[in-house]
Amino acid sequence: MIDGAHVIVYSHDAEADRAFFRDVLEYPHVDAGGGWLVFKLPPAELAVHPTEATQQHELYLMCSDLDTVMQRLTARGVQFSEPVTEARWGRVTKLRLPGGGAVGIYEPRHPRATDL
């Protein structure tokens, strides 16, 4: 049976983004060889959303207290690329990666599959 998932973040500066996940978010990691870091993620969920547009995939990190997480990450130099918005399903924003990309982060208001 499938026992995991592998998320890929494409970056214009992979070294900087790897350092961000390692040093700022402090994710545990292994070196898969040659400095190619693979990070252990917190428990994850998968949702499938309908679209008529070009199919794409997104990464959102989850937290139980968005304000506290944003405060801690801001103290570590993290910049947020969007203001916090209130959605039916949670409070959401995006944090900027050093390589120029962005990753969503949200405080869910829906039941969490990670609690199963």
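So, here is what we can say about the structure in this document. Please read these numbers as outputs of a predicted model, since none were measured by experiment.

1. Considering the overall build of the chain
- When helices and strands are counted, the chain shows 2 helices and 6 strands.
- Counting helices and strands in the order they occur from the N terminus, the chain gives α-β-β-β-α-β-β-β.
- The C-alpha radius of gyration computed for the chain amounts to 15 Å, which stays within 12% of the reference 13 Å derived for 116 residues, consistent with globular compactness.
- By its C-alpha atoms, the chain is 45 × 40 × 30 Å across when sized along the principal axes.
- Residue pairs in contact within the chain that sit at least 24 positions apart in sequence constitute 44% of those at least 6 positions apart.
- Surface exposure of the chain reaches about 8,800 Å², of which carbon and sulfur atoms provide 53%.
- In the chain, the 11 positive side-chain charges and the 16 negative ones have mean positions that sit 3 Å from each other.

2. A look at the pattern of salt bridges
- A complete count under the given rule lists 7 salt bridges for this structure.
- Close ionic contact of Arg91 with Glu86 constitutes a salt bridge, the shortest N to O distance being 2.9 Å.
- The exposure class of Arg91 is buried, given its relative accessible area of 15%.
- Between Arg109 and Glu86 there is a salt bridge, and its shortest N-O distance comes to 2.4 Å. Pair noted here: Arg109 is in the segment after strand S6 (102-108) and Glu86 is in strand S4 (residues 85-87), with a separation of 23 residues, a long-range link.

3. So, the packing of aromatic side chains
- Throughout the structure, instances matching the rule amount to 5 aromatic pairs.
- Here Phe21 and Phe39 contribute two aromatic rings whose centre-to-centre distance is 5.8 Å and whose plane-to-plane angle is 40°, an arrangement assigned as tilted. Here the residue Phe21 occupies a position in helix H1 (residues 14-24), and Phe39 occupies one in strand S2 (residues 37-39), the gap between them amounting to 18 residues.
- For Phe21, a relative accessible area of 9% translates into the label buried.
- Here a set of aromatic residues connected by ring pairs shows up, and it is made of Phe20, Phe21, Tyr27 and Phe39.

4. Focus on the layout of surface pockets
- Of the volumes computed, that of the largest pocket is approximately 2,400 Å³.
- For the lining of the largest pocket, the secondary structure elements donating two or more residues are H1, S2, strand S3 (60-62) and S6.
- The space that makes up the second largest pocket amounts to roughly 240 Å³.
- Elements supplying a minimum of two residues to the lining of the second largest pocket: S3 and helix H2 (66-75).
- Take the lining of the second largest pocket: its biggest share by element is 3 residues, from H2.

5. A few points about the pairing of strand S5 (residues 90-96)
- Counting buried positions along S5 gives 5 out of 7 residues, so the element sits mostly inside the fold.
- By the bridge criterion, 3 bridges tie S4 to S5 in an arrangement that is antiparallel. Looking at S5, one finds that Glu86 is bridged to Arg91.
- Count of turn residues in the S4/S5 antiparallel hairpin: 2 residues.
- One ladder, built from 7 bridges, connects S5 with S6; its direction is antiparallel. Along S6, the bridge assignment pairs Lys94 with Gly104.
- Once S5 ends, the chain turns through 5 residues before running back antiparallel as S6, passing Gly100 with a positive phi of about 105°.

Criteria and thresholds
- In this numbering scheme, every chain counts its residues from 1 along its sequence in written order.
- Local features in a predicted model are, by the rule used here, given only for residues with pLDDT of at least 70; side-chain atom pairs are given and counted only at 80 or more, and totals for whole chains, interfaces and linings are based on all residues.
- Only heavy atoms go into the side-chain values, all of them from the structure, while hydrogens and water stay out.
- The way it works is that DSSP assigns letters per residue, a run of H or I at least four long becomes a helix, a run of E at least two long becomes a strand, and they are numbered from the N terminus.
- In this setup the radius of gyration rests on C-alpha atoms only. A globule is expected at 2.2 Å times the number of residues raised to 0.38.
- Contact between two residues is taken to exist if any of their heavy atoms lie within 4.5 Å; hydrogens are not considered.
- In these tables, accessible area is a Shrake-Rupley quantity obtained with a 1.4 Å probe, and a residue counts as shielded only by the protein chains included in the view.
- In this tally, Lys and Arg are treated as positive and Asp and Glu as negative; His is ignored, and so are the chain termini.
- Charge positions are represented by NZ for Lys, CZ for Arg, CG for Asp and CD for Glu.
- Any carboxyl oxygen of Asp or Glu within 4 Å of a side-chain nitrogen of Lys or Arg constitutes a salt bridge here.
- To sort residues, take the accessible area from a 1.4 Å probe on protein chains only and compare it with the maximum for the residue type: under 20% means buried, over 50% means exposed, and anything in between is partly exposed.
- For Phe, Tyr and Trp, where Trp contributes only its six-membered ring, two rings pair if their centres lie within 6.5 Å, and the inter-plane angle classes them as stacked under 30 degrees, edge-to-face over 60, or tilted in between.
- Using only the protein atoms, space was sampled on a 1 Å grid; points where a 1.4 Å probe fits but cannot get out form cavities, open sets with protein on both sides within 12 Å along at least five of seven lines form pockets, and lining residues are those with an atom within 4 Å of a point.
- Grid points are joined across faces, edges and corners, and a volume is the space filled by probe spheres set on the points.
- For two strands to be treated as a pair, DSSP must find no fewer than two bridges joining them.

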